[in-house]
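# An overview of the molecular structure
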Amino acid sequence: MLTASDLDTAHPGSAKTRVDIIYFNAGGGHRAAATALQQVMHGQGWQVRLVHLFDILDPCSLFAKTLGFQPEDIYNKQLAHGMTLGMSLELKLLQMLIRLGHQAMVKRMCAYWRDARPDMVVSVIPNFNRALCESLKLAVPSTPYVTVLTDMADHPPAFWVEPDQPQQLVCGTAYAAQQAMSAGCAAQRVHQSSGMILSPRFYEPSATDRWIERFKHGFFGKQAVGLVMFGGYGSEVMKTIATRLVDTPLILVCGKNTALAQSLRAMTTQAPHVVVEFTDDMAYWMRLADFFIGKPGPGSLSEAVHMGLPVVITCNAWTMPQERWNTQWVRHNGLGLVLNSFRGVRSAVYEMVRDLPRWQNNVRQMQNRAVFEVPQLLAKLAK
């Protein structure tokens, strides 16, 4: 496990330490974690390159040229339209296809590693770690391979953890660390950080006055403001939430879903509803809010809690399997309300606002400095 003494003795990487961080764009969390790590590590003197997995597997972009879209686009459209029922079966099908293509992927990856020759490889993606780790050890055996989980819990088997591979694991929760060791990973290969990786912007002091900024966006007085977000591509369920909360001030973050943003702007409401499309400064918008409404995704959930926002989320058959444990984390720590569906969002918001100081005090007990802890751990593993 990563301990305080480890952090005290670990040193930043040198300019000669070349690190490849492997990510993809299925959802927004993997790229966000990779970018956050890159920013912090660059400031410490590392050479960090972000590598899209499909640039290794399909360097000529034949998939996109043939079909007209990227492999991740299907998944992202499902998220945007709330088509997440049955994701467990889809995941099993994907994992079967990965097993069938394993040898071909390993061959392609070996060629990449021999050419790139990084000093360390860090993966922030699930499902492909066996092929990535195995190919790295075949091509450049001395190079450390580290997987940083961007989920709060694993969804075994063969999702994040590959116990028979020389894979170092960084887990953001004690539960995920215990899962890894229960699966057969040696304790010395399992390291725990204090949470999910967040952008360094979430740790910067605000340069603006919160009340003035709220006033600029039409939020007058001290009525509680909710921030509604469903990942980088939004979700159609945001229309249901906005309709049921027409008299509640809301910030509705739609990400790259322009059509959803247009629909929300066209709604008639009694309280201000500010619609935000893609932004690289979620910290700004979260500072203006008092509570969070969304899905239990590890990234947005962790951002909200870090920014002091208690949460209203759901857990049901449409909740993605790797995110269901997150709702237990919320309940156990008293961080918010977990609903069966957003049909009950109005009464839930009323309940939360009625006792908002208590909820906010619970949230403030959580401390997350993973984006600074992980580079120190990587420096230790690179020695």
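Right above here is the structure, for reference.
The notes below deal with the structure included here.

## Some thoughts on a nonpolar patch on the surface
- A cluster of nonpolar residues, Leu93, Met96, Leu97 and Leu100, forms a patch on the protein surface that exposes about 410 Å² of accessible area.
- You can see Leu100 is positioned in helix α6 (residues 87-100).
- The class of Leu100 is exposed, set by a relative accessible area of 67%.

## Focus on the sheet that holds strand β6 (residues 190-192)
- The sheet built from 6 strands is open, its strands ordered β2-β1-β3-β4-β5-β6 with parallel pairing. Looking at which strands have only one partner, the edges of the open sheet turn out to be β2 (47-52) and β6. The sheet shows a mean angle of 25 degrees between the axes of neighbouring strands, direction not considered.
- When strand β1 (residues 18-23) meets β2, the two strands line up parallel, connected through 6 bridges.

## Side note on the pattern of salt bridges
- Summed over all chains, the structure comprises 14 salt bridges.
- With a closest N to O distance of 3.4 Å, Asp119 and Arg18 form a salt bridge. Note that Asp119 is positioned in the loop between α7 (102-116) and β3 (120-123) and Arg18 in strand β1, a separation of 101 residues in sequence.
- Taking the shortest distance from any N to any O, the salt bridge between Arg201 and Asp281 comes out at 3.7 Å. Here Arg201, found in the loop between β6 and α10 (210-216), pairs with Asp281, found in the loop between β9 (273-277) and α13 (282-288); they are 80 residues apart in sequence, far enough to count as distant.
- Of the residues examined, Arg201 reaches a relative accessible area of 33% and is grouped as partly exposed.

## Quick word on helix α16 (residues 345-354)
- Within α16, the full set of buried residues consists of Val345, Ala348, Val349 and Met352. Here the buried residues of α16 occupy an arc of 100 degrees about the axis, which is enough to place them on one side. Residues of α16 that are exposed and point more than 90 degrees away from the buried face comprise Ser347, Tyr350 and Arg354.
- Looking at the buried positions of α16, the neighbouring elements they touch are α11 (237-244), β10 (291-294), β11 (311-314), β12 (336-339) and α17 (356-364).

## Considering the pairing of β3
- Because side chains alternate across β3, one face comprises the buried residues Met120 and Val122, and the other comprises Val121 and Ser123, equally buried.
- Across 4 bridges, the pairing between β1 and β3 is parallel. Paired with Val19 across the bridge in β3 is Met120.
- Alignment of β3 against strand β4 (residues 145-148), held across 3 bridges, turns out to be parallel. The residue of β4 that forms the bridge with Ser123 is Thr147.

## A short note on the nonpolar core
- Counting residues in each nonpolar core, the largest one holds 34 residues, and the members touching the most others are Leu227, Ile251, Trp285, Met286 and Phe292.
- Listing elements by their share of this core, those giving two or more residues are β7 (226-229), β8 (250-255), β9, α13, α14 (298-306), β11 and α15 (324-333).
- At 6 residues, the largest contribution of residues to this core is made by α13.
- For Phe292, the residues in contact, after removing those within four places along its chain, are Leu227, Met229, Met286, Ser300, Ala304, Leu309, Pro310, Val311, Val312 and Ile313.

## Comments concerning the sheet that holds β7
- Reading across the sheet, the 6 strands line up as β9-β8-β7-β10-β11-β12 and stay open at both edges, with parallel pairing between neighbours. Both edges of this open sheet fall to β9 and β12, since each of them pairs with a single strand only. The mean angle between the axes of side-by-side strands here comes to 20 degrees, regardless of whether they run parallel or antiparallel.
- Of the pairings in the sheet, the one linking β11 to β12 comprises 4 bridges and is parallel in character. Note that in β12 the partner of Val312 across the bridge is Leu337.
- This element, α11, spans β7, β8, β9 and β10 of the sheet and lies at about 170 degrees to β8.

## Description of the pairing of β10
- Here β10 shows no split at all, with Phe291 and Ile293 on one side and Phe292 and Gly294 on the other all buried.
- With 4 bridges joining them, β7 and β10 adopt parallel strand pairing. Bridge pairing in β10 links Leu227 to Phe292.
- As a crossover connection, the stretch from β10 through α14 into β11 is right-handed.

## Overview of the packing of α7 against helix α8 (residues 129-139)
- The interhelical angle for the contact between α7 and α8, taken along N-to-C directions, is 50 degrees, at an axis separation of 8 Å. Put simply, α7 runs oblique to α8. Taken as a pair, α7 and α8 cross one another with a handedness that is right-handed. Residues His102, Met105, Val106, Met109, Cys110, Trp113 and Arg114 of α7 pack against Arg130, Ala131, Leu132, Glu134, Ser135, Leu136, Leu138 and Ala139 of α8.
- Of the residues contributing to the contact of α7 with α8, the split by class is 10 nonpolar, 2 polar and 3 charged.

The rules behind each value
- Along each chain, residue indices are assigned from 1 in the same order as the chain's sequence is written.
- Given that this is a predicted model, residues contribute local features only at a pLDDT of at least 70 and side-chain atom pairs are listed and counted only at 80 or more, while totals for whole chains, interfaces and linings are drawn from all residues.
- Side-chain metrics rest on all non-hydrogen atoms present in the structure, leaving aside hydrogens and water.
- Put simply, a patch holds well-exposed residues, over 30% relative accessible area, that have no salt bridge, with like charges counted together within 9 Å and Val, Leu, Ile, Met, Phe, Trp or Tyr side chains within 5 Å.
- In short, Shrake-Rupley with a 1.4 Å probe defines the accessible areas, and a residue's cover is counted only from the protein chains shown.
- Salt bridge, as used here, is a side-chain nitrogen of Lys or Arg placed within 4 Å of a carboxyl oxygen of Asp or Glu.
- Secondary structure elements follow DSSP: runs of H or I of four or more residues count as helices, runs of E of two or more count as strands, with numbering from the N terminus.
- Relative accessibility decides the category of a residue: with a 1.4 Å probe and only protein chains considered, values under 20% of the type maximum give buried, values over 50% give exposed, and everything between is partly exposed.
- If DSSP finds at least two bridges between two strands, the strands pair.
- Axes, fitted as lines to C-alpha atoms, cover a helix only where it is in contact. Angles between the N-to-C directions of the axes lie from 0 to 180 degrees.
- This arc corresponds to the set of directions leading from the helix axis out to the C-beta atoms.
- Any two residues whose heavy atoms approach within 4.5 Å are treated as being in contact.
- Side-chain atoms within 4.5 Å are what join buried Ala, Val, Leu, Ile, Met, Phe, Trp, Tyr and Cys residues into a set we call a nonpolar core.
- By convention a crossover is right-handed if, when the strands point away from the viewer, the path from the first strand over the helix to the second runs clockwise.
- Note on terminology: angles under 35 degrees are roughly parallel, angles over 145 are roughly antiparallel, angles of 65 to 115 are roughly perpendicular, and the others are oblique.
- Crossing handedness: left-handed means the near helix sits turned counterclockwise from the far one by under a right angle, and right-handed means the same turn made clockwise.
- When residues are sorted by character, Ala, Val, Leu, Ile, Met, Phe, Trp, Tyr, Cys and Pro go into the nonpolar class, Asp, Glu, Lys and Arg into the charged class, and all the rest, Gly among them, into the polar class.

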